[in-house]
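Below are the chains, spelled out letter by letter.
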Amino acid sequence: MPHLLLVHIGPVQAFIAQARRTRDLWFGSHLLVELSRAAARALASIPGTKLIFPALDEKGELTGDIANKILAEVEQDPKTAAEAARTAVNKALRARWETLREKLSALLDPAAREAADEQIDTLVEFFAAYVPLSEDDYRGARERVEEELAARKTLRDFVPFERQRGGAHKSSLDGARETVLVGGEPRKETRKHPLFQQYRIGLREELDAIGLLKRAGGEPGQFVPLPTIGLAAYTTRARQTPQCQEPMRKLLEACRRLGFPQVRSKGRPWVEPFPFDAQIFLPDRWEPYFDDLGIPESPRAFGKQYIEPLHDLLGEPHPYVACLVADGDRMGAAIDSLESAEAHQRFSRKLSRLPEIAREIVERDHHGVVVYAGGDDVLAFVTIPDALACAKALREQFIALMDESLPGAAPRPTLSVGIGLGHVLESLGDLLALGREAEQAAKVERDSLALLVEMHTGARKAYIARFDADPLSILQKDIATLATLPMKKVHQVAAMLRRLPHREERLDDAAHWARLLRLDTSATLARSELGAGAAAPDPAALGLDLEGDDYARMHVAIEAWCGRMEVAAFLARAEPSVKKGEAR
Amino acid sequence: MSLVHFALRPRDGIFSKDGRGYYTSEIGRGHGHAWPLPPTIRGALRAALGRGIMEHEGRLLPPSEYEERTRALALEKVITLYRPRGHAFAPEHRVWPTPSDALHTSSGEASLLTRLSPEPPRGGTLAGQKEPALEALWRPYPGKKGKAQRPPPFWSDAAMMQWLWSDEIPSIHAAPTLVPSRRTDVHVTLEPDTLTATPSMMFSSEIVETTSSEGGDWALGVSVQLPEGLTLPPGPITLGNRRRLAPQEAVEAALFAPPDDRLVATPGLRLVLATPAHFERGVVPDGFEATAEHVYVGRLPHVDGKVVLRSALVPGPEDVSGWDMAKRAPKPTRRLVPAGSVYFFVKQDGAPFERAELRALWLTQWGRGTEDGLGVVLPGRWIPERKENA
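Worth saying up front: this structure is predicted, and the values here are computed from it rather than measured.

## A few points about the confidence of the model for chain B
Here is step 1 of the chain: Taken over all residues, the pLDDT of chain B has a mean of 92, while the share at 70 or more is 97%.
Here is step 2 of the chain: Predicted complex, confidence summary: ipTM 0.95, pTM 0.91.

Printed below as a string of structure tokens:
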């Protein structure tokens, strides 16, 4: 009897979220796709097995990024098929590691060999579930196999580390596995091998075998450093501004002369204006960057000669970046409606176009880089001035793809997009967590956009809205409003709100409090700081809803408005302006 | 040995740094555990005990002697506490890690809580370990319950007692929000000559707040065995990284006492981990072996006869790395079963778990690392749904 077999490969945390540099995140994600592909291929090679998700294309090949969940119909013993998939995954990972281990032997502590092998062999979290599949009950079997897998995953078994050396520092990425890098002091001596610089492994950084695999799995230059993405709007503006042409030319020449690692643009035209790590635009980074690369010249002199002239023209860049996390809404329900394995396969083939669509939108049309696009998920980093338009374009294209793929589904899946806005020098793992948190906030109402700003000091601001409320236009209007309305006014309104009763307090005279809140807000906005002769702003024109006598509702509306204006001010700061201070 | 109970009240948050160090990003960020782990608390108590010895003897102890003379300090019980400001600590202020047999979901506006009760496997499975007995463990099939929600880290004492000892589902969302807030402390290095910040030398740490804006205080209730003849010095203890001050406050032994009015004999037993547990083979409890029928059989502390492990709901390992203060070097990583994990048992002879056994199991320790406060358990009732297979 045929069976439906569902395989899950993880843990996503270790593959993707534990990342300091762009390459850690990108290659970790790539590795997970590669292992999923190995499992899918192993299953496809078993006679009588039909891949459903992902589905083979017309040429019988697996294309695009493959999600870490694989569904197949198997004719033979399902347990043997699952074992074949598990073996293929473990072998693929081992093979990757063994190739790298030879290549990077100069970086490895010989005493850590056994610990490293154990780290690799215990990394993968593999789960498979299988149920019988009768001819006329594909939907039921799919539900049962999903349920079986979910039930099995309530026990995530693990084994202890038995090959630890003890006394060794832990990986800077996960904090649990021992470092496999050479140690000893002084680090400038023990870590002077050029491979350390080539793979940007800091003197005090520690990497376990998985961390090293992610850091060195690809080739340097293949990955766009996060500051280069975050500052892409700034470098593009520098390229487009006539006064900046000469300082930019001199800077590029100096970067080449000093041997800064170069970034390949690879279908991302926006990298070309400054194909280097843009952290060099941040004065605080001059010294550590030169130190990391072992450049003997004075970083301060470099900064004064080549960077400060650009700061004089454009101001210092706003060193933040957007982590965009998008996820389809109601996909489970849509898939549940598919009546047969063939219908599911057809849907899988249509959905497999999403990675290509996402790459075009993010990398070609906006200043961004896709880290992962597979299934109904997109994870990307984008320069802040492009982030909202990028989210909107992704949502529109996703909906068009769903219209085409699931014409009969009601309701059809939509897309929720979370955008975490954090400092370009934060770890990729922390930025990803911020993006995911924003995505979760967007998923509450679905078909929504959520922006979550985390300042370098840890302070947070948020704005969430459904796409049908047109959040882009609202924020653009707010940004325009901030040209005349000082942020001080927003802060005063927020401070006034904090002094009034909380919205959850039970108030006997709520209507009275609502009137007071309306009057106090209007009065705060009308005070004289707007300048001589300026008319008091109309709250409604500012997008501030003070109607009615429902105190709690008004409290929520004002608080949301303050948060939205904070986010708008943050977005305004990210837009580079030709004259210093113009956008501030 | 002498047993003492008290509460530690961290005054300015807790920073319980994980094993990553500060080199996690270009700008140095130390990451903290969501809540301090018991070995961190024991480390703080040993440091205080050592300081007390040195003060009493008027001399510095070399690291080896320091290590030797404080080693016998054992952390028997650790309970997280949350009380409204101004109240004395009482059993109702205990909070417990959210049990993993509770499924938190939402459907529309409503939040749902579903009890996950394991039953024999319905389909076939295969996972990473080549251990058929793991695949034969029972598992829960709750059906579709809406969208999974991230559970709160803690439940109130009232909710947990209801969960463990009655069929009723507690109203978790009506309880105060038991989520300690967090803040980021940013530090800079100052140039001694100019008293200005050194370029690029900024770093930050994640702090768990211990005073809530809702008017409550978080604390740690501890029950500690001290080496014979030694006492902890009075006054604050320094806890976690950056040695944040945590004054001691006397508590009643009742804080650690079992809920006698609730304990009743039960056909099946649930053990919820109140603190992480350490087993030699990962999730399988020490002393449990698989039979030819792929069933784990072993013994539990304070329970007569052999028991069968029916199910384990474990959300993955909690990897704990520590710092050896005496050797000034990192300790090896221990992979622990996280607090909140739930194990289900029946007796091999089919007899019920008696009240006296349940009483003895209350906050007893299970597994390894018991001196570090690991493996503290909460017993609870379980009625297996498919008794014929028990």
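## Let's talk about the interface of chain A and chain B
Here is step 1 of the chain: Between chain A and chain B, the contact holds 59 residues from the first and 54 residues from the second.
Here is step 2 of the chain: Around 4900 Å² of area is buried between chain A and chain B when both sides are counted, 54% of it from carbon and sulfur atoms.
Here is step 3 of the chain: Applying the counting criterion to the chain A and chain B interface returns six salt bridges.
Here is step 4 of the chain: Here A:Asp430 and B:Arg29 are joined by a salt bridge, their closest N and O atoms 3.9 Å apart.
Here is step 5 of the chain: The tally of links from chain A across to chain B stands at 21 residue pairs in polar contact (both at pLDDT 80 or more).

## A word on the sheet that holds strand β18 (residues 268–273) of chain B
In a beta sheet, neighbouring strands pair by backbone hydrogen bonds and run either parallel or antiparallel.
Residues and elements named next belong to chain B.
Here is step 1 of the chain: Across the sheet, six strands lie side by side as β19-β20-β21-β26-β18-β27; this open sheet has antiparallel pairing. The strands lining the two open edges of the sheet, one partner per strand, are β19 (289–290) and β27 (377–382).
Here is step 2 of the chain: Examined bridge by bridge, strand β21 (residues 307–313) and strand β26 (residues 342–347) share six bridges and lie antiparallel to one another. By the bridge assignment, Ser311 is partnered in β26 with Phe344.
Here is step 3 of the chain: Strands in contact with helix α4 (residues 157–165) are β18 and β27; relative to β27, the strand with the most contacts, it is inclined by about 45 degrees.

## Points about the side chain of A:Thr414
Here is step 1 of the chain: By the secondary structure assignment, A:Thr414 is in the loop between α17 (384–405) and β8 (415–423).
Here is step 2 of the chain: Not counting chain neighbours up to four residues away, the residues in contact with A:Thr414 comprise A:Asp327, A:Gly328, A:Asp329, A:Phe398, A:Ile399 and A:Asp447.

## Describing the nonpolar core
Residue and element names in this part refer to chain A.
Here is step 1 of the chain: Phe260, Phe281 and Phe302 are the most contacted members of the largest nonpolar core, which totals 110 residues.
Here is step 2 of the chain: Among the elements that line this core, the one with the most residues is helix α2 (residues 22–44), at eleven residues.
Here is step 3 of the chain: Setting aside residues no more than four positions away along its own chain, Phe281 makes contact with Leu231, Tyr234, Thr235, Met248, Leu251, Phe274, Trp286, Ile307, Leu310, His311 and Pro317.
Here is step 4 of the chain: Counting residues in each nonpolar core, the second largest holds 73 residues, with Ala358, Tyr551, Met565 and Ala574 among its members.

The rules we used
Residues numbered from 1 in each chain as written. Chains lettered and ligands numbered in written order. Predicted model: local features only at pLDDT ≥ 70, side-chain atom pairs only at ≥ 80, totals over all residues. Heavy atoms only, no water. pLDDT = per-residue confidence, 0-100. Contact = heavy atoms within 4.5 Å. Buried area = accessible area lost by both parts, 1.4 Å probe. Salt bridge = Lys/Arg side-chain N within 4 Å of Asp/Glu carboxyl O. Polar contact = N/O pair within 3.5 Å; in protein donor to acceptor, adjacent residues only side chain to side chain. Pairing = 2+ DSSP bridges. Helix = DSSP H or I, 4+ residues; strand = E, 2+ residues; numbered from the N terminus. Axes fitted to C-alpha atoms, helices over the stretch in contact; angles between N-to-C directions. Core = buried A, V, L, I, M, F, W, Y, C linked by side-chain atoms within 4.5 Å. Buried < 20%, exposed > 50% of the residue type's maximum accessible area, 1.4 Å probe, protein only.

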